[in-house]
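So the chains spell out like this:
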Amino acid sequence: MTLEMISDDLRFNAYRVEESLQNDKPHFAGKLVERRIADLPAGEVLIKAHYSSLNYKDALSAHGNKGVTRKYPHTPGIDVAGEVVCSESDVFSAGDFVLVTGYDLGMNTDGGFSQYVRVPAAWVVPLPPQLTPRQSMVLGTAGFTAALCVEKLLSNGLTPDQGEVLVTGASGGVGAVAVALLAKLGFSVTACTGKTEQSAFLTRLGANSIIERGELQQPSTRPMLKEQWAGAVDVAGGEMLLNILKSLRYGGSVACCGLVGSPVFNASVFPFILRGVNLLGVDSVNLSLTTKKTLWNKLAAEWRLPALDDLGVDIRFGELEGHLQKLIEGRAVGRVVLDIITTS
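Residues numbered from 1 in each chain as written. Predicted model: local features only at pLDDT ≥ 70, side-chain atom pairs only at ≥ 80, totals over all residues. Heavy atoms only, no water.

(A) Examining helix α3 (residues 173-184) more closely. Taking 1.5 Å as the rise per residue, α3 with twelve residues should run 16 Å; its terminal C-alpha atoms sit 17 Å apart, in good agreement. Of all twelve residues making up α3, ten are buried, and the element is well covered by its neighbours. Within α3, burial applies to Gly173, Val174, Gly175, Ala176, Val177, Ala178, Val179, Ala180, Leu181 and Leu182. Positive backbone phi, approximately 95 degrees, marks Gly186, located one or two places after α3. (Helix = DSSP H or I, 4+ residues; strand = E, 2+ residues; numbered from the N terminus. Expected span 1.5 Å × (residues − 1). Buried < 20%, exposed > 50% of the residue type's maximum accessible area, 1.4 Å probe, protein only.)

Below is the structure:
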């Protein structure tokens, strides 16, 4: 089935962020608009979206961060799952269920906050049969990134008998999945959060203990701190990442995947050369498609979370703006899933 069999005039809804000037300053506002298939970017695979999910990068794009999205108007949404409508690729056929995360989707290519999405075939992952489209978006980029962090820690020798594993930003999307996945794999997990009122939520995910993030943000001039963590997943960067490095146990590792605190930290080499610790960088955007397929299949099978369906809260297009604002302000909890198929 070729793309030409779908009319370019087919109309659908999409959340569109537009840029304007207010008091001589750039202003960005999103709204639901009607678009046509012809308006979509080029690509071999046309997908009827069933679900997307909300990530911090989506909030940045929706609020005009030019480091994420250069040109407006734009449709955010770095994740999407749905059904192939038609394909010019031999790999996919109409009716296939697929997902797309990362690459340029939702950044400078119109993304998943839309009833239809068109992308290159090289971005598309077949949906594992054990996952529904919604379940894949409960995970989304945040959950996939958490899994990458855990995989890096494991490949660097982390085992449950070595001691406590720390997860920062534990009530957010990446952190929540990291806590749940580490707990499933038998690790004792300490959840670090600025939302201690979410302690019950974190305990349900599997956290053994909970600490307030201020405990890890106190500046210290000491080159090293007391050994405490066998490993860590960090979404914060900045002073928190520095203190984690200083307090890793001998040979421990921290998987770093975020910068919500700061992209900058001023470290000495002492933890690296005296305790042999490891700072592991994690990127979920530009991985090979083969690597993405392998990890998605693992998340669908041996790493499948026991309460996956309950980890996400569903919203509709009309609720997008409020939830994107929560993400920007650091008030979001867990995973938020955009239900597109119900409103199609």
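(B) Focus on the pattern of salt bridges. Applying the stated criterion across every chain yields a total of twelve salt bridges. Arg134 is the partner of Asp314 in a salt bridge, and the nearest nitrogen-oxygen pair spans 2.9 Å. Highlighted residues: Asp314 in strand β14 (residues 312-315) and Arg134 in helix α2 (residues 133-155), separated in sequence by 180 residues. Residue Arg134 is classed as buried on the basis of its relative accessible area, which comes to 16%. The salt bridge partner of Arg275 is Glu227, with a shortest N-O separation of 3.9 Å. Of the two residues, Arg275 sits in the loop between α6 (270-274) and β13 (278-281) while Glu227 sits in the loop between β10 (209-212) and β11 (229-234), which places them 48 residues apart along the sequence. Here Glu227 falls in the partly exposed class, since its relative accessible area comes to 39%. (Salt bridge = Lys/Arg side-chain N within 4 Å of Asp/Glu carboxyl O.)

(C) Spotlight on the state of the cysteines. Within the structure shown, the criterion is met by zero disulfides. Here Cys256 stays unpaired: no disulfide links it, and the sulfur of Cys257, its closest cysteine neighbor, is 6.6 Å away. Overall, Cys256 belongs to the buried group, its relative accessible area being 19%. (Disulfide = S-S within 2.5 Å.)

(D) Just the pairing of strand β3 (residues 45-53), in detail. In terms of burial, β3 is largely enclosed, as eight of its nine residues are buried. Here six bridges tie β3 to strand β4 (residues 79-87), and the two strands are oriented antiparallel to one another. Bridging across to β4, Val45 finds its partner in Ser87. Relative to strand β6 (residues 116-119), β3 runs antiparallel, the two being bridged by four bridges. Each bridged residue has a counterpart across the sheet, and for Lys48 the counterpart in β6 is Tyr116. Relative to strand β15 (residues 335-339), β3 runs antiparallel, the two sharing three bridges. Bridge pairing in β15 places Tyr51 opposite Asp339. (Pairing = 2+ DSSP bridges.)

(E) Quick peek at the nonpolar core. By size, the foremost hydrophobic cluster in this structure holds 84 residues, and its most contacted members are Leu54, Leu320 and Leu324. Take this core: its biggest share by element is eleven residues, from α2. Residues within four places of Leu324 in sequence aside, it is in contact with Tyr15, Leu54, Asp58, Ala59, Ala62, His63 and Phe113. (Core = buried A, V, L, I, M, F, W, Y, C linked by side-chain atoms within 4.5 Å. Contact = heavy atoms within 4.5 Å.)

(F) Geometry of the side chain of Ser171. Tracing the sequence through the fold places Ser171 in the loop between β8 (165-167) and α3. For Ser171, the side chain forms a polar contact with the side chain of Thr193, separated by 3.1 Å. Aside from chain neighbours lying at most four places away, what touches Ser171 is Thr193, Lys195, Gln198, Phe201, Leu202, Ala332, Val333 and Gly334. (Polar contact = N/O pair within 3.5 Å; in protein donor to acceptor, adjacent residues only side chain to side chain.)

(G) Inspection of unusual backbone geometry at higher detail. The linkage connecting Tyr72 with the following residue, Pro73, adopts the cis geometry, with an omega of 5 degrees. Residue position: Pro73 is located in the loop between α1 (56-62) and β4. Look at Asn23: it is not a glycine, yet its phi comes out positive at around 55 degrees. Tracing the sequence through the fold places Asn23 in the loop between β1 (11-22) and β2 (25-36). When its relative accessible area of 76% is taken as the criterion, Asn23 is described as exposed. With phi around 65 degrees, Asp24 is a residue other than glycine that occupies positive phi space. Residue classification places Asp24 among the exposed residues on the basis of a relative accessible area of 74%.

(H) Molecular detail of the sheet that holds β8. Strand order across the open sheet formed by six strands is β10-β9-β8-β11-β12-β13, with parallel pairing between neighbours. In this open sheet, the two strands that pair with only one neighbour each are β10 and β13. With strand direction ignored, the average angle separating the axes of adjacent strands in the sheet is 20 degrees. Those strands touched by α3 are β8, β9 (189-193) and β11, and its axis lies near 160 degrees from that of β8. Seen against the sheet, helix α5 (residues 238-247) touches β8, β9, β11, β12 (248-256) and β13 and runs at an angle of roughly 150 degrees to β12. (Axes fitted to C-alpha atoms, helices over the stretch in contact; angles between N-to-C directions.)

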